[in-house]
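Structural description and commentary
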Amino acid sequence: MAVLDVQNLTLSFGENTLFQGVSFDVKEKEKVGLIGCNGAGKTSLFKVITGDYEPTEGACFVSKNAKIGYMEQHTCSENKTVYNELISVFDELIEIEKELEDISKKLENGIGDQAKNIERQDYLTNAFTRDGGLTYKSLTRSALLGLGFSEKDFDMPTSKLSGGQKSKLILAKLLLSKADFLLLDEPTNHLDLNALEWLEGFLKDFSGACLIISHDRYFLDKLTNKTVEIENGKCRSYIGNYSAFLKKKEAEQKAIEEKYENDMKEVERIEGIIAQQRQWNREKSIKKAESEEKRLEKLKAQIVVPDSKVERIRFDFTPKFISGEEVLNVSELSKSFGDKKIFENATFGIRRNERVFLLGENGCGKTTLLKILMKDYGADSGYFKFGANVFTGYFDQVQAKLDLSKTVIEEIWSSFPAMTETAVRSALAAFLFKGEEVFKNLSECSGGERARVALLKLMLGKFNFLLLDEPTNHLDAFSREELENTLLNYSGTMLIVSHDRYFINKLATRVLELNQNGVTEYLGNYNEYIEKKKNITASDSVSAEPKKEKKPNEYLLRKERASALRKAKTRLAKCEQEIEEAELETAEIEEKMQSAGYEELLELTNRLDELTALKEELYTEWETLSEQLTEEDS
């Protein structure tokens, strides 16, 4: 059953049509990735689904049984702590818990009608258990820790949170709400690698449906089982995750282009025949020409023209000259800000042609370390040294070194004054700045536009050692692929800070993990880094002394057993109903088979096989549940 059905949707603003004829659906429990280049209309589509925008044509139908959850629904109060703000999602459970405490006191003190008190207590206890009353506090704590808040942050007033922290808290409120259809617009923004993995685990276990806008391709690969792409104002739906989508789309586009080429050759051939026949100007040849013209019209009507290629950034980081073999040596670097230690004893080396990624939790000092290497900050102790002929270029994720008083073309030209205006404008065109866009003030540019200017400056510098701080931020998935493919063929050396795991996986030859006490080295890409970390954790847990087991909470155990018993009874009744429905359908199919034709008989036979397998599963489950309930009763 579909929780969302989008039918022939068109959205226009004045004369500008964002997309047209968009159709797809999202079924129960499906995790669907919504992708497309920046400006394709993905967020606008979300606003149509939520009712904030009225479509120009078509419609969105949301199941009446589905409760939509999206970030804009949730805000942060200014007068609560972080913990109290998040736990407010469970206000109904908190009220039930308070009432249960009041009833308990009345029963202890003999206040009121005891029979009614017991009846009310039983009703509330069942509701409390059914709706997650036994786990809501642990869920709240787990979500905060998982998304990167520390224990000491729990009591912090929400008014003191940064923009990124508020976004994470709002995301946590959305995840813990009772919504069963989540609209997630770039949910991985502001999350470090640990928080990303927690979010993935949460959404994998989430029993509802999700429609996810994200440029995080690793995240999409882990979660999604369907991909919807908006490109050139049109929509296509593919079964599978992001990587599967890429393969299917490539094959589809190749087939369309080949057929188009063949069709156009046939058009040219028929037009030649028509011209020749008309040139002869005989009655027979004219009839032949008219017949060919009719055939040509039919052929042209069914020709599918390939979509025009979406314009993408064209990167070229070819260095001006080759560096020495040793590119960078770092020894025992440390840095603190006031009383807060960021890191110490950071020691590592980088050799020519390596693609090294610097990873670690948010706030561990990755950007600070890059700024020390660029001499924007001074180290408290230790030293670093660049090798011979190393020419270093730095990409700052916040583009702090751009002069916002300049236009786009002035910023590039002032950095490279020897270039001609034609060369500068050609370079800007390669980075999608065309026409009057080159005269746009940087102060008026979006984060993505500023990132493109900074990347262009980096490219024109012809550096042989690139220090890149979150270079894929603000780039759509397709631009990220262009950057990746360029850097794969780059003949220089790289030290990169990134949360983009797909990007890390594709490029990394080595991973450096930074923490307060220094740097740990892992050879390989992101998947190999995670695998090695798991092995280290497993070996540490084996060697650690066993901890004392906590005494089980008998009250919670009784509640959990009662909850499991109710679920088993409910499922048993459902099994019996499904078995009865399967038997009825089997009887109907067997009756239809008596008079069915060949093709219908094949379909009925396939369905009969499916029903037989389903009944076997249901009978097995029914027997297991019956035994479980019998044991509980005894």
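Data block above holds the structure.
In short, a report on the structure. None of the values given here were measured: they were computed from a predicted structure.

**Some remarks on the overall build of the protein chain**
- Looking only at helices and strands, the protein chain has 19 helices and 18 strands in total.
- Referenced to the eigenvectors of the C-alpha coordinate spread, the extents of the protein chain come out at roughly 100 × 90 × 50 Å.
- Expressed as a percentage of its 634 residues, the buried residues of the protein chain come to 44%.
- In the form shown here, the protein chain has an accessible surface area of approximately 34600 Å², with 49% of it arising from carbon and sulfur atoms.
- Positive and negative side-chain charges in the protein chain, numbering 89 and 110 respectively, have mean positions lying 4 Å apart.

**Examining the environment of T620**
- Here T620 is to be found in helix α19 (residues 598-633).
- Each C-alpha atom, one on T620 and one on C575, is 10.0 Å from the other, the two residues being 45 residues apart in sequence.

**Things to note about the packing of helix α12 (residues 408-415) against helix α13 (residues 421-430)**
- Packing of α12 against α13 brings their axes to within 10 Å, and their N-to-C directions diverge by 120 degrees. Taken together, the axes of α12 and α13 lie oblique to each other. Viewed along their axes, α12 and α13 form a crossing whose handedness is right-handed. Each of V408, I409, I412 and W413 in α12 lies in contact with α13, whose residues at this interface are E421, V424, R425 and L428.
- By residue class, the composition of the contact of α12 with α13 is 6 nonpolar, no polar and 2 charged.

**Quick notes on the packing of helix α6 (residues 163-176) against helix α7 (residues 193-205)**
- Close contact between α6 and α7 brings their axes to 12 Å; oriented N to C, the two are set at 15 degrees. Judged on the interaxial angle alone, α7 and α6 are roughly parallel. The hand of the α6/α7 crossing is left-handed. Seen from α6, the contacting residues are L171, L175 and L176; seen from α7, they are W198, L199, F202 and L203.
- Residue composition of the contact of α6 with α7, grouped by class: 7 nonpolar, no polar and no charged.

**Comments concerning the packing of aromatic side chains**
- The final tally for this structure, using the stated rule, is 19 aromatic pairs.
- Between F13 and Y53, the aromatic rings sit 5.6 Å apart at their centres with planes inclined by 80 degrees, giving edge-to-face as the arrangement. Pair noted here: F13 is in strand β1 (residues 2-13) and Y53 is in the loop between α1 (42-49) and β4 (57-62), with a separation of 40 residues, a long-range link.
- Seen from their ring centres, Y83 and F154 are 6.0 Å apart, and the 25 degrees between their planes marks the pair as stacked. With Y83 in helix α2 (residues 82-87) and F154 in the loop between α5 (136-146) and α6, this pair connects stretches of sequence that are 71 residues apart.
- Here F154 falls in the buried class, since its relative accessible area comes to 8%.
- Over the ring of F149 we find K168, and its NZ or CZ is 5.5 Å from the ring centre.

Cut-offs applied
Residues numbered from 1 in each chain as written. Predicted model: local features only at pLDDT ≥ 70, side-chain atom pairs only at ≥ 80, totals over all residues. Heavy atoms only, no water. Helix = DSSP H or I, 4+ residues; strand = E, 2+ residues; numbered from the N terminus. Buried < 20%, exposed > 50% of the residue type's maximum accessible area, 1.4 Å probe, protein only. Areas by Shrake-Rupley, 256 points an atom, 1.4 Å probe, with all protein chains shown as cover. Lys, Arg positive; Asp, Glu negative; His and termini not counted. Charge placed at Lys NZ, Arg CZ, Asp CG, Glu CD. Axes fitted to C-alpha atoms, helices over the stretch in contact; angles between N-to-C directions. Parallel < 35°, antiparallel > 145°, perpendicular 65-115°, else oblique. Left-handed = near helix turned anticlockwise from the far one by under 90°. Contact = heavy atoms within 4.5 Å. Nonpolar A, V, L, I, M, F, W, Y, C, P; charged D, E, K, R; others polar. Phe/Tyr/Trp six-rings, centres within 6.5 Å; stacked < 30°, edge-to-face > 60°. Lys NZ or Arg CZ within 6 Å of the ring centre and 35° of its normal.

Honestly, that's just the spatial picture; any functional story needs more than this.
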